Amino acid sequence: MGDFLRRLGLVCRVAGGLLVALLLLNLLLQATTRIAPAWLPYRLAGTGFRQDIVQRIEAAEAQYRDGRIAGDRALCVLIGLSGLREAADLKAMSAATGSRCRYLGLSGAGGAIDTMVDQTSRLLQGSLRPDVAVIGLAEYLLVKPLPPQPGAQGDTGSPSPGAARRRDWRQWARSTRDALWFVARRRDVSGAVESLLLDAKQTMLRTLGADRAAELNPTTDPWREMIRLELPPHPSEAALREGIAGYEARRLYEPRSYEPQRIDEQAKALAGLVTALRQRGAVVIVAIMPEHSRLRARLPDAAMQALRRSLDAPFAPETPRLLDLRDAVPDSGFTNISHVNAEGRAIVSQRLAAAVAEALAPGAAPLMSQPRPSR
Amino acid sequence: MTGLRDWLVPAEMPAWRYALRLTVVVAELLAAYCLAGQNSPFFYQAF
């Protein structure tokens, strides 16, 4: 019995030590989030969107390079996040502009403009020269979502003392678990590692020439429709409330969120993207994607003013065309507060196609049909 | 507090080495926990 207790004591000792180490490590990691919130990117979307965009760009480059498609049509790229990805129907847009234009859908998902720039960065490193680039965004994308801060209201960053007072131990245990850094940021850690591994794999395949193996696979056709998530066609009242509350938690309805120093990074990312696209010869259209009336009613005027300022300051008097589609779709055309359904998609696709057609200079030769300028 | 520390740290090795070992074990467990998360590559948290 004495020997058993001695052994049990040793096990308890090690377990206690591990618990102390766990708590200290957790405190250290929470401190890093406070001091340098950006060291580990906060992910609102999976790594698949970026990989999908890279694949489309590389497959299109290969088709032009091998002469499998001619540069007889203008190339139009659609750069954006989920708002544009869900709203643009490439087939409908192609039908609307006829044989003048070829559309490449490069829209992913995320919560800020720099995510969009990161996801499409491969375009600016490669050989594609779009004639028209549509950047689809929303004014609130100027506010970059931050990871949950310990102790912040409405997040999962701290154990709930209220639950303990109420003796709701299940809720207390849940909030205590969620307050642990590695539980709250688990998805970000695995996403960062996955992204690194996928980049390494893609580089390896490119180096070995193995990325060409799936050229004839229709699922890798670069001109295919963009990924659409299976969302219900119409939102329930609860889903609308949840959407409104979710954006409120991100402080998107507060005018001070759009103060210049707070949005500086995102504004620079947008200006950098526009500049880089223009340097490639593209006409840039900035489309503000549709918003449900309940979202529009909550967003402050300061948000749109900040977006206009972000474009005017670096580019006036040659500010890119702003296509404001915020109220282009009736509420029946939404699947939630910021994404359209099939009805909304039909409206947006027509509006985008019309804007692209206007942007194309009549009679001008597509950039991809011209020899590449030497740098 | 000293009693607790004495109880936690074994006498057979320096305290710093024991603490380092514990930290490494915990870090490995946390890494395994995070990497074992099965997220869809196309997950999207809109709100």
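Every value quoted in this text rests on a predicted model; they were computed, and no experiment measured them.

Enquirer: Explanation requested: the overall build of chain B in the structure shown.
Expert: Across its full length, chain B carries two helices and zero strands. Dimensions of chain B, computed from the C-alpha atoms along their principal axes, are close to 50 × 20 × 10 Å. Buried positions account for 23% of the 47 residues belonging to chain B. In the form shown here, chain B has an accessible surface area of approximately 3400 Å², with 66% of it arising from carbon and sulfur atoms.

Enquirer: I tried to follow the interface of chain A and chain B on my own but got confused; where do I start?
Expert: Interface size is commonly expressed as the accessible surface area that is lost when the partners come together. Of the residues lining the interface, 43 residues belong to chain A; the matching set on chain B comes to 26 residues. Across the chain A to chain B interface the summed buried area is about 2800 Å²; carbon plus sulfur atoms make up 71%. The three residues of chain A that bury the most area against chain B are Arg13, Arg186 and Arg187 of chain A, which together make up 23% of that side's buried surface. Where chain A touches chain B, the interface holds zero salt bridges. Where chain A packs against chain B, one counts seven residue pairs in polar contact (both at pLDDT 80 or more). Mapped by element, the contributors of at least two residues to the side of chain A that touches chain B are helix H1 (2-35), helix H2 (48-65), helix H3 (82-87), helix H9 (181-184), helix H10 (186-208) and helix H11 (237-249) of chain A. The element best represented in the side of chain A that touches chain B is H1 of chain A, accounting for eleven residues. Tallied by class, the residues present in the side of chain A that touches chain B amount to 20 nonpolar, 14 polar and nine charged.

Enquirer: Explanation requested: the packing of aromatic side chains in the structure shown.
Expert: Each pair of aromatic rings is reported with the distance of its centres and the angle of its planes. For the structure shown, the criterion picks out six aromatic pairs over all chains. Residues Phe49 of chain A and Phe42 of chain B carry aromatic rings whose centres are separated by 5.2 Å and whose planes lie at 85° to one another, so their mutual orientation is edge-to-face. Taken together, the residues Phe49 of chain A in helix H2 and Phe42 of chain B in the segment after helix H2 (15-35) connect one chain to another. With relative accessibility at 1%, the residue Phe49 of chain A sits in the buried group.

Enquirer: Got a minute to help me understand the packing of helix H12 (residues 260-279) of chain A against helix H14 (residues 301-315) of chain A in this structure?
Expert: In helix packing, the relevant descriptors are the interaxial angle and the interaxial distance, both defined with respect to the helix axes. Residues and elements named next belong to chain A. The N-to-C vectors of H12 and H14 enclose an angle of 50°; their axes lie 9 Å apart at closest approach. Our classification of the angle between H12 and H14 gives oblique. Here H12 runs over H14; the crossing is right-handed. Along the contact surface, H12 presents Pro260, Ile263, Ala267, Leu270, Ala271, Val274, Thr275 and Arg278, while H14 presents Ala306, Leu307, Arg309, Ser310, Leu311, Pro314 and Phe315. Tallied by class, the residues present in the contact of H12 with H14 amount to eleven nonpolar, two polar and two charged.

Enquirer: What's the story with a nonpolar patch on the surface in this structure? I'm lost.
Expert: Residues Met1, Phe4, Leu5 and Leu8 of chain A make up a contiguous nonpolar surface patch of roughly 460 Å² in combined accessible area. Examined against the element boundaries, Phe4 of chain A turns out to sit in helix H1.

Enquirer: What exactly am I supposed to notice about the side chain of Arg185 of chain A here?
Expert: Residue and element names in this part refer to chain A. Within the fold, Arg185 resides in the loop between H9 and H10. Engagement of the side chain of Arg185 in a polar contact is seen with the side chain of Asp188, the distance being 2.4 Å. Apart from the residues lying within four places of it in its own chain, the contact partners of Arg185 are Thr33, Leu40, Pro41, Tyr42 and Pro147.

Enquirer: Which parts of the structure should I look at to understand the environment of Ser369 of chain A?
Expert: Residue and element names in this part refer to chain A. Here Ser369 lies in the segment after helix H15 (342-359). Between the C-alpha atoms of Ser369 and Ala70, which are 299 residues apart in sequence, the distance is 7.3 Å. There is a polar contact of 2.6 Å between the side chain of Ser369 and the backbone oxygen of Pro366.

What counts as what
- Residues numbered from 1 in each chain as written.
- Chains lettered and ligands numbered in written order.
- Predicted model: local features only at pLDDT ≥ 70, side-chain atom pairs only at ≥ 80, totals over all residues.
- Heavy atoms only, no water.
- Helix = DSSP H or I, 4+ residues; strand = E, 2+ residues; numbered from the N terminus.
- Buried < 20%, exposed > 50% of the residue type's maximum accessible area, 1.4 Å probe, protein only.
- Areas by Shrake-Rupley, 256 points an atom, 1.4 Å probe, with all protein chains shown as cover.
- Contact = heavy atoms within 4.5 Å.
- Buried area = accessible area lost by both parts, 1.4 Å probe.
- Salt bridge = Lys/Arg side-chain N within 4 Å of Asp/Glu carboxyl O.
- Polar contact = N/O pair within 3.5 Å; in protein donor to acceptor, adjacent residues only side chain to side chain.
- Nonpolar A, V, L, I, M, F, W, Y, C, P; charged D, E, K, R; others polar.
- Phe/Tyr/Trp six-rings, centres within 6.5 Å; stacked < 30°, edge-to-face > 60°.
- Axes fitted to C-alpha atoms, helices over the stretch in contact; angles between N-to-C directions.
- Parallel < 35°, antiparallel > 145°, perpendicular 65-115°, else oblique.
- Left-handed = near helix turned anticlockwise from the far one by under 90°.
- Patch = residues over 30% accessible without salt bridge, like charges linked within 9 Å, V, L, I, M, F, W, Y side chains within 5 Å.

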